[in-house]
Structures are given as structure tokens and as C-alpha cells.
Amino acid sequence: MHRLVNTLPAYNKMMAISTTITGQSRIINLECPACGAQYDASKPNTFCITDGCNSTLFAQYDLSRPLDKTILKDRPASMWRYRELLPVINAESIVTMGEGFTPIIPIKNLVKDTGGNKVFWKNEAGNPTGSFKARGIGMAVSKAKELGITSIATPTAGNAGGALAAYAARGAVKAIVYMPRLTPQVFKDECRLYGAELVEVDGNIADCGKLVAEGAEEHGWFQISTLKEPYRLEGKKTMGFEIAEQFNWDLPDVIFYPTGGGTGLIGIWKAFDELEQLGWIGSKRPRMVAVQSESCDGIVTAFNSGHSSAEFVDGGFTIANGLRVPKSFADKLILKVLRDSKGTAITVSDMEMNAGIKEIASHEGMLIAPEGAALWQAYKKLKSSGWINAGETVVLVNTGSGYKYLENI
Ligand SMILES: *Cc1c(COP(=O)(O)O)cnc(C)c1O
Ligand SMILES: [Zn+2]
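These numbers come from a predicted model, not from an experiment.

With their axes 8 Å apart at the nearest point, helix H11 (residues 350-364) and helix H12 (residues 370-384) run at an angle of 95 degrees to one another. Between H11 and H12, the angle falls in the class roughly perpendicular. Together, Glu352, Met353, Ala355, Gly356, Ile357, Glu359 and Ile360 of H11 and Pro370, Ala373, Ala374, Trp376, Gln377, Lys380 and Lys381 of H12 make up the contact between the two elements. Its residues placed into classes, the contact of H11 with H12 shows 8 nonpolar, 2 polar and 4 charged.

So, in C-alpha cells, the structure goes:
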């Protein structure tokens, strides 16, 4: 008892330091990576509307002025530690629940299957609302608040809806969520509990997207559909900053990413570019691997056929709802990252994901999302085919907790 009381002040002091967000954003503007058009970041923006270009927009920062890594020393253990490279200008706009700075966890008991490689999870399961969507949505809601937006709508396969509902509640803005009726009940329940307006749709996420666009037109909601809004990407790119920092600024050889809309894949790659411009890392890059469900394999097919854009593919239900994206809005950017990084793309079936969940839960003590399990199975395939070399360091991004998926596993 005595001991506990005595340690409390020190503990509180530590917490007080680590939750204070310091630093100043260095955002300059938004730029189209396809046509170079510039957009004013002090106004609400969506995607590139110049001459029907339709590309995702990239936030640009002043990276020419020096910035020393030592700024990170007393920063919070959340994605907000990289404040200079994030778009939110006023600290009061930030809506946070400690998202990000998730742990790197080595594969421990299945090392025989890793064939001499060092394989690590970047485990996103502990984020608020149980997935890495907290990063992108936390950033988008914060920036929307800064821009004076009061109602935010999104189509979702599940996790983005829960995250939007939670961050909207905390940020005191209105959330409207469109979700396929076939999404597991827990994703609907959490949205309602967080006070969002939930619309169930007889269709897939693409159908939800169309309805959100119509509703936005009619009611003036701000839409944050994947990569049609610039700042979810900025939230998810923080995974790239963290991987660099957690590997002591020496990037791993291969990163596996479960690719739906591809926000994280594009974001991680953008983060590495920014870090190199700051001189925090060199030019070495990991090979990026996009993993998709057999039922929604548009990126894998396009990659294997040498195409620079993907077709619309919806083969129906998959337990990995985050991967049921018939066509990513940023297909061209995803394919470019895969090629620039000398990476690859590969599919995994629902049966394999189920087996992967059980294997990782029973041997590693982690109940991961089906999307994460897909990466483990994809890793084993690429290891046995010889695509992964002996001694390479590999990171698998477990994008969410498996607990929300139990009814389908
Ligand atoms: C949304 C989601 C994905 C896909 O993320 P993108 O960055 O859009 O490709 C993967 N896994 C989980 C658990 C998700 O919720
Ligand atoms: Zn453009």
C-alpha cells in the first residue's frame, strides 16, 4: 500500500510529460502527385479536381529547414510525436486518445516457420477502437475540426466506421456511417454506442460510397472516403515514421501490408520519403508487399499483368472485411509503390486466414485480425518460394484486433 502511494506522484509526472503535444506543423499546401496541381491546405479539400485528374492529394511540408531527431525525446508515445510532419496546425484542434506508437513484437514460438528470418509484427490491435483506422480517422477528424467542419460521413467495411464514430464523439462533431448490411454486428453496435448515425446498405463498400456522395451533396456533410480526403493518409503514414524510429532509423527489408484502399501502404512509403528529405534515414527502402483476399484481388491481378491501374473486382464475402474493396480510388499509387519498391502482390483465401488466426493465437498469444493473419500466410508462401532471402528482416502490419471478428472466425 505504502509503496503504491509513494510511486503515484512519479507516475503522474511521467504521464503529464508524455501526453503533452509539442512542436509546430510544417505543412505548406496540398499537391497532386499525378499532375502537380496545388491546393490551399487552409481550406477543406477532397481529391484533385483539375481537368478530371481524380488523384489523391498529398500534404507537403517544409522539409528543407533542419529538424533534429532529438525533438522526439520528450514527445508522447502516440502518432502526435511527429507533429512537424503532420497537418494539424492548432493544438486545440487535435482529437486524440493516444493512437499510434504501437509495439513491434517479434514472432517468438513459430521461429521454425520463419526459416532464419527476423519477423516482427507491427501490432495495431491496441489502438482506440481496435484497429489502425484510429490513426487515419483521428487525423482526419482533427483537421476537419480545424477547418470548421461539423458533420463527417464515410462509407466503411467496418473499422473506419467505428473509428469515425468514436473520434466524432470525442471531437463533438456529427458522424454519419454507411456500412454493408453483411458486416458483423459488433461493428454496427459500436457505431451506435458512440452516437453515430448508422445506415445499413444492401451492397458492398462501393455502393456505400455512392450513397455517401449523394448524402454529402444533399446535406453538406464532409466525406472522408478512403483517399478521397487528404488527411487519413497523413494519419496512417505515421506507421512509417514509427517503423523507422523503432528499427533505429535502419528500415527493415520487407513490409507486408493487407491492402484494401491502400492508405497505409501509400502512407508508409510517403513517410519514408519525408524522412529521407529530412536526412533522418538514407535511401534504403523495404520491398513492399500488398496482400489481398482471393475475393477482392484487383491489385494483385493488375500487378501480375503489368498494368498501372486495377479493374473493379468483387468476388463477394471475405472474413477480412477491411480487404473487401472492389477498386481502390488510389490503385495507380498503390501499383507504383509496389513497383518502385521492387515489391510484389499476393492473395490469401479465407480458409488460410482462419488457419493463420488460430496458429498465431495458439502459438504467439495474439488474437489478430483476419487481415493480419493473411500477412502471416503470405509471408510463409513468399518464404518457401524463395522471394524472401535468408537473414532478411520482415515486418507484418497486423492492422487490427481479432476480437471484433469472432462471430465469423
Ligand atoms: C481498413 C482495413 C484494412 C485496409 O486498409 P487500407 O489502408 O485501406 O488498405 C486492413 N485491415 C484492417 C483491419 C482494416 O480495418
Ligand atoms: Zn491532379
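For helix H3 (residues 159-171), spanning 13 residues, the distance from its first C-alpha to its last is 18 Å, which sits close to the expected 18 Å at 1.5 Å a residue. Among the 13 residues in H3, 11 count as buried, and that is most of the element. Those residues of H3 that sit buried are Asn159, Ala160, Gly161, Gly162, Ala163, Leu164, Ala165, Ala166, Tyr167, Ala168 and Gly171. Two residues or fewer past H3, Ala172 is found with a positive phi of approximately 55 degrees.

What follows is about the site of ligand 1. The full set close to ligand 1 counts 16 residues, and Lys133, Tyr257, Gly260, Gly262 and Thr399 are the nearest of them. One of the side-chain N or O atoms of Asn159 is found 2.9 Å from an oxygen atom in ligand 1. Take Gly264: an N or O atom from its main chain is 3.1 Å from an oxygen atom of ligand 1. Here ligand 1, which alone exposes 390 Å², has 96% of that area covered by the protein. At the level of elements, strand E10 (254-258) and helix H8 (263-278) are the ones that each hand at least two residues to the shell around ligand 1. By residue class, the composition of the shell around ligand 1 is 4 nonpolar, 9 polar and 3 charged.

Grouped burial of nonpolar side chains is what soluble globular proteins tend to show. Ranked by internal contacts, the top residues of the largest apolar core, which has 62 residues, are Ile255, Ile266, Leu275, Met288 and Leu338. Per-element accounting of this core gives the leading share, 8 residues, to H8. Among the domains, domain 1 (11-93) and domain 2 (104-131 + 232-405) are the pair contributing at least three residues each to this core. Residues Trp121, Val254, Ile346 and Ala378 belong to the second largest nonpolar core, which totals 28 residues.

Next up on the list: empty space enclosed by the protein. The final tally for this structure, using the stated rule, is 2 cavities of 30 Å³ or more. In terms of lining, the largest cavity is formed by Gly260, Gln292, Cys296, Gly298, Ile299, Ala310, Glu311, Val325, Pro326, Lys327 and Ser328. Space inside the second largest cavity adds up to approximately 40 Å³. Taken together, Asn45, Ala140, Lys143, Ala144, Leu147, Phe222, Glu229, Pro230 and Tyr231 form the lining of the second largest cavity. It is helix H2 (residues 133-146) that contributes the most residues to the lining of the second largest cavity, 3 residues altogether.

The buried fraction of E10 is high, at 5 of 5 residues. Residues Val254, Phe256 and Pro258 line one face of E10 and the alternating positions Ile255 and Tyr257 line the opposite face, and both faces are buried. Here E10 pairs with strand E11 (residues 287-293) via 5 bridges, running parallel. If you follow Tyr257 over to E11, its bridge partner there is Ala290. The β-α-β motif built from E10, the intervening H8 and the parallel element E11 has right-handed crossover chirality. Judged from the 3 bridges that link them, E10 and strand E13 (residues 393-398) form a sheet pairing that is parallel. The residue bridging Val254 from the neighbouring strand is Val394, located in E13.

What counts as what
- Numbering of residues starts from 1 in every chain and runs along the sequence as written.
- Following the order in which they are written, the chains are lettered starting with A and the ligands numbered starting with 1.
- Totals for whole chains, interfaces and linings use every residue, but because this is a predicted model, local features are given only for residues with pLDDT of at least 70 and side-chain atom pairs only at 80 or more, for both listing and counting.
- The side-chain values count all of the structure's non-hydrogen atoms but skip hydrogen atoms and water molecules.
- Each axis is a line fitted through C-alpha atoms, and for a helix only the stretch in contact is used; angles between axes span 0 to 180 degrees, taken between their N-to-C directions.
- Put simply, DSSP H or I for four residues or longer makes a helix, DSSP E for two residues or longer makes a strand, and each gets a number counted from the N terminus.
- By definition in this entry, angles of less than 35 degrees are roughly parallel, angles greater than 145 are roughly antiparallel, angles of 65 to 115 are roughly perpendicular, and the rest are oblique.
- Contacts were defined at the residue level, with two residues in contact if any of their heavy atoms lie within 4.5 Å.
- In the scheme used here, Gly and all other residues not listed as nonpolar or charged are polar, with Ala, Val, Leu, Ile, Met, Phe, Trp, Tyr, Cys and Pro taken as nonpolar and Asp, Glu, Lys and Arg as charged.
- By this rule the span expected of a helix is its residue count minus one, scaled by 1.5 Å.
- Buried means the residue's accessible area, taken with a 1.4 Å probe over protein chains only, is under 20% of the maximum for its type, while exposed means over 50%, and partly exposed covers the values in between.
- Here, proximity means that at least one heavy atom of the residue falls within 4 Å of the molecule or strand.
- By the criterion applied in these results, polar contacts are pairs of N or O atoms within 3.5 Å in which, for protein atoms, one can donate a hydrogen and the other can accept it, and in which residues neighboring in sequence qualify only through two side-chain atoms.
- We get accessible surface area from the Shrake-Rupley algorithm with a probe of 1.4 Å; when it comes to residues, only the shown protein chains can shield them.
- Nonpolar core, defined: a set of buried Ala, Val, Leu, Ile, Met, Phe, Trp, Tyr and Cys residues in which side-chain atoms within 4.5 Å join the residues together.
- For each domain, the first and last residues come from an automatic or database assignment.
- Using only the protein atoms, space was sampled on a 1 Å grid; points where a 1.4 Å probe fits but cannot get out form cavities, open sets with protein on both sides within 12 Å along at least five of seven lines form pockets, and lining residues are those with an atom within 4 Å of a point.
- Grid points are joined across faces, edges and corners, and a volume is the space filled by probe spheres set on the points.
- Strands qualify as paired when DSSP identifies two bridges or more between them.
- Here is how to tell: hold the view so the strands point away, follow the path from the first strand over the helix to the second, and if it runs clockwise the crossover is right-handed.

Structural measurements only, silent on function.
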